[in-house]
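Given next are the chains, with one letter for each unit.
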Amino acid sequence: MIGLICATAAGAAARDRLAAAWPDRTRVYEGPVGDAVRAAFVECEQLVCFLATGAVVRLVAPLLGDKASDAGVVCVDEAGRFAVSLVGGHGGGANELAREVGALLGAEPVVTTATDSVGLAGLDTLGLPVEGDVAAVSRALLDGEPVALRAESAWPLPALPVAAEGAYVIRVSDRAVEPVEGEVVLRPPSLVVGVGASKGAPVDEVLTLVEGALREAGLSPRSVAGLATVDAKAEEAGIVAAAERLGVPLVTYSAERLAAVEVPNPSAAPLAAVGTPSVAEAAALLGGGELLVPKRKSAMATCAVVRRPARGRLAVVGLGPGARDLLTPRAEAELRRASVLVGLDQYVGQIRDLLRPGTRILESGLGAEEERARTAVEEARKGHAVALIGSGDAGVYAMASPALAEASDDIDVVGVPGVTAALAAGAILGAPLGHDHVSISLSDLHTPWEVIERRVRAAAEADIVVTFYNPRSRGRDWQLPKALAILAEHRAPTTPVGVVRNASRPDESSRLTTLAALDPAKVDMMTVVTVGNTATREIAGRMVTPRGYRWQQEEAR
């Protein structure tokens, strides 16, 4: 919960905007400011104070305890110009909160945490439990000293400027190793504990069995991703409470699925009780992995431990049409999360400044789409966090299709939508896509012209607005005239046509013309051509397709 505190009418106005935007995340504190801050600091995970930073410093100073547990505090000035991350930048999430508040209120986020200021990923913000000398290793990264990454298994971490060797070390391990001076240990969620229990098994017995199995195998409980069991035990109190105490989810599977898993130690007892010859081992192994601890038993419980293989992560990111302010916040976040970036060289140039130090860039030129897709999938299979970029929306005539054709279920795939060229051009022209519309690429490099022509003809006969991608190049100069001729068989010569080149970029240009007057020679590959339907009109210099057909009905009368 985020506590909202203000002292003036101007502050109250901004406060109310946040409260309205985040009704389930925020709580408004009224009354004397000092009392409100003290109450919110105890009751909320984060605070947004519409007060001077000096005043907030004096109010929260007596309340501060430890940066791992203190609330995150953001200050917003009276004019709403700045959102300052004051306390708990990483641990309390104030840095990210300042960015969110800034985006919502139109304020500039002010983040002074050293790693954030230079674009480094904070070691305590990677989403993994962290142990050891965080301050010293972070300082070494900031100072450019060599920091070695020693990962016992690949894990999809954000980019870090690491070296093969160094006096400082970042270790990725699920083993119960104690970090030494100048070392940080990141705990990946790589362990799954399968659990079975008799009815009424006490939570202490289940926990003792699980913790003992981890300890004797030399494994860290902080790397346990979850407990797993059979559906019939989904509400077994001892198992449910054990998962809660460990702070991990409880996952359950049907007896039929568990019975299909080959295990080293099947038993007749669980087969008779719940319908599968194994609960603990089968539940732990169901997602694949290495059985580190075979079935262990206590009086009323069983457990087994499996190390799951690391799953790489592939984010297919749409960069939008080119303007930075049309790049979505989610796309920016994925670019910062990636340790490997794969993309066309000219697109890499657009967003290079957003990448974290240490990001490995694999760029190539035009015509290498399939190679880029294969490279991105291969890097993800190695356990990396990969961002594969494309212009517009990566799923529209871009990289998502070839990448997903290569990818299997051994990696995690995330799609990040972007503003398409058709949408960007439409916004510039007016509202040409107000009714049914279709996008057709006129490039016959990947699609036979006979197929393209059939689609153009179908759109023409159906009276659908058409946006042409890849309309004309030096080597393909006849396809656009042919497509326009097909449309002209079904539409009047005065049908509005919008032509937009380099939509949203500094050299953007646009014009409205008609189906009869359009000169294909003035169109190139950087251009989007939108042809209206029989209802499309030019109104005040804008291209508009009505949502209904009222205009046609009125004209008919």
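Right above here is the structure, for reference.
Presented here is an overview of the structure given in this document. Since the structure is predicted, the reported quantities are computational estimates derived from the model, not experimental observations.

Describing the sheet that holds strand β24 (residues 496-501)
Right, so step 1: As summarised here, the arrangement of the five strands in space is β22-β23-β26-β24-β25, forming an open sheet in which the pairing is mixed. Of all the strands in the sheet, the pair left with one neighbour each is β22 (437-441) and β25 (509-514). The sheet shows a mean angle of 20° between the axes of neighbouring strands, direction not considered.
Right, so step 2: Pairing of β22 with strand β23 (residues 465-469) involves five bridges; the strand directions are parallel. Note on β23: the bridge partner recorded for H437 is V465.
Right, so step 3: The strands touched by helix α16 (residues 421-429) are β22, β23, β24, β25 and β26 (527-531); relative to β24, the strand with the most contacts, the crossing angle is about 115°.
Right, so step 4: Across the sheet, helix α17 (residues 449-461) lies against β22 and β23, angled at about 160° from β22, the strand it touches most.

Thoughts on the pairing of strand β16 (residues 313-318)
Right, so step 1: Burial within β16 is extensive, with six of its six residues counted as buried.
Right, so step 2: Burial along β16 is two-sided: R313, A315 and V317 and L314, V316 and G318, pointing in opposite directions, are all buried.
Right, so step 3: Relative to strand β19 (residues 385-390), β16 runs parallel, the two sharing six bridges. Note on β19: the bridge partner recorded for L314 is V386.
Right, so step 4: In this sheet, strand β20 (residues 412-416) lies alongside β16 in parallel orientation, the contact comprising five bridges.

Observations regarding helix α18 (residues 479-488)
An α-helical turn contains 3.6 residues, so any two residues separated by three or four positions project in the same direction.
Right, so step 1: Residues Q479, L480, A483, L484, I486 and L487 constitute the buried set of α18. Projection of α18 onto a plane perpendicular to its axis shows the buried side chains occupying an angular sector of 155°, all on one side.
Right, so step 2: In this fold, the buried residues of α18 make contact with α17, β23 and β26.

Let's talk about the packing of aromatic side chains
Right, so step 1: According to the stated counting rule, one finds two aromatic pairs in the structure shown.
Right, so step 2: When the ring of Y397 is compared with that of Y469, the centres are 4.8 Å apart and the planes differ by 55°; the resulting orientation is tilted. Here Y469 lies in strand β23 and Y397 lies in the loop between β19 and α15 (400-406), a separation of 72 residues in the sequence.
Right, so step 3: The partly exposed category is assigned to Y397, whose relative accessible area is 44%.
Right, so step 4: Between the aromatic rings of W449 and W478, the centroid separation amounts to 5.0 Å while the plane-to-plane angle is 70°, which identifies the pairing as edge-to-face. Of this pair, W449 sits in helix α17 while W478 sits in the loop between β23 and α18, placing them 29 residues apart in sequence.

A few points about the environment of A148
Right, so step 1: Mapped onto the secondary structure, A148 falls in strand β8 (residues 147-151).
Right, so step 2: Taking the C-alpha atoms as reference points, A148 and A71, 77 residues apart in sequence, are found 32 Å from one another.

So, the nonpolar core
Right, so step 1: By size, the foremost hydrophobic cluster in this structure holds 23 residues, and its most contacted members are V193, V195, V206, V210, L214, L227 and V305.
Right, so step 2: Mapped by element, the contributors of at least two residues to this core are β11 (191-197), α7 (203-216), β12 (224-230), α8 (237-246) and β15 (301-307).
Right, so step 3: By residue number, the principal contributor to this core is α7, which donates seven residues.
Right, so step 4: Sequence-distant contacts of V210, defined by excluding residues within four places in its chain, comprise V193, V195, L246 and C303.
Right, so step 5: Listed in part, the 21 residues of the second largest apolar core include V456, L515, L518 and V529.

Let's talk about unusual backbone geometry
Right, so step 1: In the Ramachandran plot, D463 falls in the positive-phi region, its phi being about 60° despite a non-glycine side chain.
Right, so step 2: Here D463 falls in the buried class, since its relative accessible area comes to 19%.
Right, so step 3: Unlike most non-glycine residues, S504 shows phi in positive territory, near 75°.
Right, so step 4: Looking at the element boundaries, S504 is found in the loop between β24 and β25.

Things to note about the side chain of D174
Right, so step 1: Residue position: D174 is located in the loop between β9 (168-172) and β10 (183-186).
Right, so step 2: There is a polar contact of 2.8 Å between the side chain of D174 and the side chain of R307.
Right, so step 3: Excluding anything up to four places from it in sequence, D174 contacts E152, R187, P188, S190, L191, L219, S220, S223 and R307.

Let's talk about the packing of helix α1 (residues 9-21) against helix α4 (residues 94-105)
Right, so step 1: Between α1 and α4, whose axes approach to 11 Å, the crossing angle comes to 105°. Put simply, α1 runs roughly perpendicular to α4. Along its contact with α1, which presents A14, R17, L18 and A21, the element α4 presents V101, L104 and L105.
Right, so step 2: By residue class, the composition of the contact of α1 with α4 is six nonpolar, no polar and one charged.

The rules behind each value
Residues numbered from 1 in each chain as written. Predicted model: local features only at pLDDT ≥ 70, side-chain atom pairs only at ≥ 80, totals over all residues. Heavy atoms only, no water. Pairing = 2+ DSSP bridges. Helix = DSSP H or I, 4+ residues; strand = E, 2+ residues; numbered from the N terminus. Axes fitted to C-alpha atoms, helices over the stretch in contact; angles between N-to-C directions. Contact = heavy atoms within 4.5 Å. Buried < 20%, exposed > 50% of the residue type's maximum accessible area, 1.4 Å probe, protein only. Arc of directions from axis to C-beta. Phe/Tyr/Trp six-rings, centres within 6.5 Å; stacked < 30°, edge-to-face > 60°. Core = buried A, V, L, I, M, F, W, Y, C linked by side-chain atoms within 4.5 Å. Polar contact = N/O pair within 3.5 Å; in protein donor to acceptor, adjacent residues only side chain to side chain. Parallel < 35°, antiparallel > 145°, perpendicular 65-115°, else oblique. Nonpolar A, V, L, I, M, F, W, Y, C, P; charged D, E, K, R; others polar.

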